[in-house]
Amino acid sequence: MAITLPPLPYDVAALEPHLTKENLELHYGKHHNAYVVNLNKFIEEGKADGSKSLDEIIQASSAGPVFNNAAQIWNHTFYWSCMKPKGGGEPKGALADAIVRDFGSFAGFKEKFTNASVSQFGSGWGWLVWENGKLAVTSSGNADLPMKHGQVALLTCDVWEHAYYPTYKNLRPKYVEVFLANLVNWDFVTKNLGLAQK
Amino acid sequence: MSETNKIYTLPKLEYDYKDLAPYMSEEQLQIHHGKHHQAYVDGANGILQKLDKARKENADLDLKSTLKELSFNIGGHLMHSLFWGNLAPEGKGGGAKPGGRLAEVLTKEFGSVERFTKEFTQAAVSTEGSGWAALTYCKLTARPIIMQVEKHNANVYPMFTILMVVDVFEHAYYIDYKNDRAKFVDAFFHIANWNAVNIRLERLLDACS
Ligand SMILES: [Fe+2]
Ligand SMILES: [Fe+2]
């Protein structure tokens, strides 16, 4: 069974001006789509098992083209849900409490998440994860993702240059700042925390 | 590439920002050299100063993370310096074909210059995430060997001399080619300065003999 490109949860122009329409058109329509096309080619060639779910394909594969494309499909689908128009600000409720418990304050979390995302060498992802009953901030290189490290992903910021270049060019710190201030969908992150704690 | 005052400096280009167009636009080259390369120079110098300071104060440092960061930044500086040096405006050193001993060495190893170009292109296009394709020379085996570098500093062959590099970080081509890395690598060959690459090789071979 072929893997399909999941629909974007909002219009390509919906995150303007924080991420431009062109930025999303390329990121979703070219990059995310290319990973789907590549993985389907591997399934056709018998290099990946199309009868399995995306998560199962990721868990069953080790470093290499199948893993890279499958994991990047997962990462991007998750990333789109981590954002929404008029997002950002601060979370409330259980997530806010957990952030204070594990990072001291929301500002403490923000600083950690920003550092991890900005200082990831080359291409990769900044993450808020659930690990051993606690929140933690991590980063991963290229396609790597929390599920391969026994962690549950709660929030991610794509810091491949293609994620922000059309809007911010080389200014990754500015992009990460805007991501937290104006784009994060804290409802989605809160929902992920609830599932992780079950 | 000589460094003064015990810090790194951004090298001047031997051509104007607009001279590599249309293969590399003025905006693309300006931001790449003036912002990205500059950031690696500043990054490396900042860490050297941090090391100096810690030693002076006899303070402890997280050496693992500091040296990782230093490797990334020094790698970034040196790779970009090599890159600018093996580019030239088309028709003014760029494009043409490999000549001299470079052509001999490539033909002997790869069978033909075309076969080398094909392998080098494949290495560049398939680099995982951000990185570089490089042509290196191994003195032990007297072979030119292609090196596929991830980031600026992974998968490097120690001690091999680098003759030519092409940057395949997304920042190297996103303004001009968006997601189409292969198109950028094709364009690279229009501005590849084979004479500069040949000079790097001759300098190395002369030092060996
Ligand atoms: Fe991406
Ligand atoms: Fe670069």
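Computed from a prediction, not measured in an experiment: that's the story for all the values here.

Caption draft 1: Geometry of helix H3 (residues 100-110) of chain B. Residue and element names in this part refer to chain B. Among the residues of H3, Leu-102, Val-105 and Leu-106 are the ones counted as buried. Around the axis of H3, the buried residues are gathered within 95° of arc, so they sit on the same side. Of the exposed residues in H3, those oriented more than 90 degrees away from the buried face are Glu-104 and Lys-108. Considering only its buried residues, H3 is in contact with helix H4 (113-125), strand S2 (143-150) and helix H7 (194-208). Downstream of H3 by one or two residues, Gly-111 has phi in the positive range, about 95°.

Caption draft 2: Up close: the domain arrangement of chain B. All names here are of chain B. Assigned domains within chain B: domain 1 (24-85) and domain 2 (100-208). Placing a centre on the C-alpha atoms of domain 1 and another on those of domain 2 gives a separation of 22 Å. Across the boundary between the two partners, domain 1 contributes 14 residues, which contact 13 residues of domain 2. Elements with a minimum of two residues in the side of domain 1 that touches domain 2: helix H1 (26-56) and helix H2 (63-85). Sorting elements by how many residues they give to the side of domain 1 that touches domain 2 places H2 first, with 8 residues. Here the residues of the side of domain 1 that touches domain 2 are counted per class, giving 5 nonpolar, 8 polar and 1 charged.

Caption draft 3: Local environment of the sheet that holds strand S2 (residues 134-141) of chain A. Residues and elements named next belong to chain A. The antiparallel open sheet is built from 3 strands, whose spatial order is S2-S1-S3. Here the strands that pair on one side only, and so sit at the sheet edges, are S2 and strand S3 (152-158). Looking at each pair of strands side by side, their axes are set apart by 25° on average, direction ignored. Pairing of strand S1 (residues 124-131) with S2, which is carried by 8 bridges, proceeds in the antiparallel orientation. The residue of S2 that forms the bridge with Trp-127 is Thr-138.

Caption draft 4: Seen up close, the sheet that holds strand S3 (residues 161-167) of chain B. All names here are of chain B. Strand order in the open sheet formed by 3 strands is S2-S1-S3, and the pairing between neighbours is antiparallel. Sheet topology places S2 and S3 at the edges, where each strand pairs with a single neighbour. The mean inter-strand angle of the sheet, taken between neighbouring strand axes irrespective of direction, is 20°. Relative to S3, strand S1 (residues 131-138) runs antiparallel, the two sharing 6 bridges. The residue of S3 that forms the bridge with Thr-136 is Ile-162. Contacts between H7 and the sheet are confined to S1 and S3, with S3 contributing the most and set at about 160° to the helix.

Rules and cut-offs
Counting from 1, residues in each chain are numbered in the order their sequence is written. Following the order in which they are written, the chains are lettered starting with A and the ligands numbered starting with 1. Restriction of local features to residues with pLDDT of at least 70 applies here, the model being predicted, together with a cutoff of 80 or more for giving and counting side-chain atom pairs; totals for whole chains, interfaces and linings are based on all residues. Whether a residue is buried, exposed or partly exposed follows from its count of other C-beta atoms within 10 Å of its own C-beta, namely 20 or more, 12 or fewer, or something in between, respectively; the C-beta atoms are built from the backbone. Comment: elements are numbered from the N terminus, with helices defined as DSSP H or I runs of at least four residues and strands as E runs of at least two. It is the directions from the helix axis to the C-beta atoms whose arc is reported. Whether two residues are in contact is decided by their C-beta atoms, placed from the backbone, lying within 7 Å. Domain borders in the structure are assigned automatically or taken from a domain database. Put simply, Ala, Val, Leu, Ile, Met, Phe, Trp, Tyr, Cys and Pro go in the nonpolar bin, Asp, Glu, Lys and Arg in the charged bin, and everything else, Gly too, in the polar bin. Strands pair, by our definition, only if DSSP identifies at least two bridges between them. Interaxial angle, 0 to 180 degrees, is taken between N-to-C directions of lines fitted to C-alpha atoms, where a helix line uses only the stretch in contact.

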